[in-house]
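# Observations on the model geometry
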Amino acid sequence: MNDIAMIGLAVMGRSLALNMADHGYEVAAYNRSYALTQEMMEKYPHEHVHAYQDLKECIHSLMKPRKVMLMVKAGKPVDMVIEQLIPLLEEGDIIIDGGNSFFEDTIRREAYLKEKGLHFFGVGISGGEDGARFGPSIMPGGNQKAYEEIRHILEDICAKAEDGKACCTYIGENGAGHYVKMVHNGIEYADMQLIAEAYLLLKHAGGFDNKEIHQIFEAWNDSELNSFLIQITADIFKEKDDLGSGELLDKIVDSAAQKGTGRWTSIEALKQGVDISMITASCNARIMSNQLKQRQQAHAVYPSQKIAIQHDQSFVDDVKDGLYTAKIIAYAQGFDLLKHASNTYQWNLSFGEIASIFRAGCIIRAQFLNDIMKAYARDIKLSHLMMDEFFSSQIQKHQESLRRITSLAIEKGIAVPAMSNAISYLDMFSSTHLGANLIQAQRDYFGAHTYERIDQVGSFHHAWGHDHE
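Everything numeric here is computed off the predicted structure, so don't read it as measured data. For every chain, the first residue of the written sequence is number 1, and numbering continues from 1 along that sequence. In keeping with the predicted nature of the model, local features appear solely for residues at pLDDT of at least 70, side-chain atom pairs appear and are counted solely at 80 or more, and the whole-chain, interface and lining totals rest on all residues. Side-chain numbers here rest on the full set of heavy atoms in the structure, without hydrogens or water.

## Brief notes about the domain arrangement of the chain
Our working rule: Where a domain begins and ends is set by an automatic assignment or by a domain database.
By domain assignment, the chain separates into domain 1 (2-169), domain 2 (180-428) and domain 3 (434-468). Spacing between the C-alpha centres of domain 2 and domain 3 amounts to 39 Å.

Encoded structure:
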């Protein structure tokens, strides 16, 4: 009998199936196209992976309660597979969706299958192909009692942090796992954009070449910026062009794609009334990067300003400290969204645990996450990450560096939307006067929306523009 079925054997499904098999689990492998199943078995034979051409036969090979993991394209394909599975399953069986499904779809599916006596888990998985194969960060959401039936599999195959802790923990009911994965991806967008802006500053304001920037990022990876993204960025700068001369980075078109999870994060933040402007700016930066022809035309109309090169260590230090400060603010925005979602959907999220499972396996894994864990350990009810004593001290210490490099970039026409939004967010977050009293006066003037007073309790409306003498 098999322990679990893997449905969908493209890169991620195949990698997870082999990961499970490596840990001694008997895996039933099925794909809609049997040719892909055969290809997997030929290229990646494994004694614990068993191929099936017939879905019914695949499901009936499982031990009860049956556990079926879906690694198919998000959206309608997930619903189609679920409908095929329902007649083949019995009460108490478990369906696990490991794709990048929208959390509201997961909430809907969990409720639908619950009525049929089946458990449904939305499981966020981060780490790409290598992570899936050798240890990803895993974010399961669903019925907590039923989680015990799949916990050992997920915690065995997940990444392990330096302290040995599994980078997988129960997140919360229904769509909680996919929501946390969505926000993880949003933070990832901001993190990557900030690194790209640091690169632009070093290259265009600092005049550093790729070899020098490689060395700078290598040094940064031995500091508080230590992370997977900083390390691979250092590697990228030294990679030679396999189809020509020089470094490969300089031959890549200045256009970046996106799959939509960052956009989902921004939309949900607007719905909940949470400012995650850095994540939104990072999504917009990718959109603008795709406007290649328009940007080239506009460059002729709005040429860049000449930049006085600052090829010195003090400038490098400013970029490093500014990047670190902006990174703190980006993560604070992401965790603030998680806090509001936890209240809205009654998930009772553990933010320290979430930071803990991000420490290995996932794309945003970083030393920095240990500090977030400590912040929530100091105060489990912390209102905002920027109010933690450690992070507030770091922002106070380094914010001038962020202000200097952002001001320079704006003056000289270097696009730094994420860093700019970091400064704006910090200033709004700590301001006692945002001009909102004027906006509310305008609203009351044209729409009688009323206003509150600082000296009296209640709502008031004023007859604006009339002569009161």
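## Quick notes on the pairing of strand S3 (residues 49-52)
Rule in force here: One requirement defines pairing of two strands: DSSP has to find at least two bridges between them. Here a helix means four or more residues in a row that DSSP labels H or I, a strand means two or more in a row labelled E, and each is numbered from the N terminus.
The sheet contact formed by strand S2 (residues 27-30) and S3 spans four bridges and is parallel. The residue bridging Tyr30 from the neighbouring strand is Tyr52, located in S3.

## Section: the pattern of salt bridges
Using the following cut-off: Note on definitions: salt bridges are taken to be side-chain nitrogens of Lys or Arg within 4 Å of carboxyl oxygens of Asp or Glu. We call a residue buried when its accessible area falls under 20% of the maximum for its residue type, exposed when it is over 50%, and partly exposed in between, using a 1.4 Å probe and counting protein chains only.
Under the counting rule described, the total for this entry stands at 28 salt bridges. When the shortest N-O distance is used, the salt bridge between Glu90 and Arg66 registers 3.8 Å. Taken as a pair, Glu90 in the loop between helix H4 (76-85) and strand S5 (94-97) and Arg66 in the loop between helix H3 (55-60) and strand S4 (67-70) lie far apart in primary sequence, 24 residues in all. According to the relative accessible area criterion, Arg66 is buried, its value standing at 6%. A cluster of three or more residues bridged by salt bridges with shared partners is formed by Asp79, Asp97, Asp105, Arg108 and Arg109.

## Digging into the UniProt feature "domain: 6-phosphogluconate dehydrogenase C-terminal" (unreviewed entry) in the chain
This is how it is decided: UniProt positions are given in the numbering used here, feature names are shortened, and annotations may be inferred rather than shown by experiment.
The residues that UniProt annotates with the feature "domain: 6-phosphogluconate dehydrogenase C-terminal" (unreviewed entry) are residues 177-465. Between the first and last C-alpha atoms of residues 177-465 the distance is 53 Å; the span itself is 64% helix and 1% strand.

## Section: the sheet that holds strand S7 (residues 137-141)
To keep things clear, this is the line we draw: Orientation is described by axes fitted as lines to C-alpha atoms, over the contacting stretch for helices, and by angles from 0 to 180 degrees between their N-to-C directions. We call two residues in contact whenever any of their non-hydrogen atoms come within 4.5 Å of each other.
One open sheet accounts for seven strands, arranged S3-S2-S1-S4-S5-S6-S7; its pairing is mixed. The open sheet terminates on both sides in strands that have one partner only, identified here as S3 and S7. The average angle at which neighbouring strand axes cross in this sheet is 25 degrees, direction not considered. As paired elements, strand S6 (residues 119-126) and S7 share five bridges and run antiparallel to each other. Residue pairing for S7: Val123 is matched across the bridge by Pro140. The strands that H4 touches are strand S1 (4-7), S4, S5 and S6; relative to S4, the one it contacts most, it runs at about 160 degrees.

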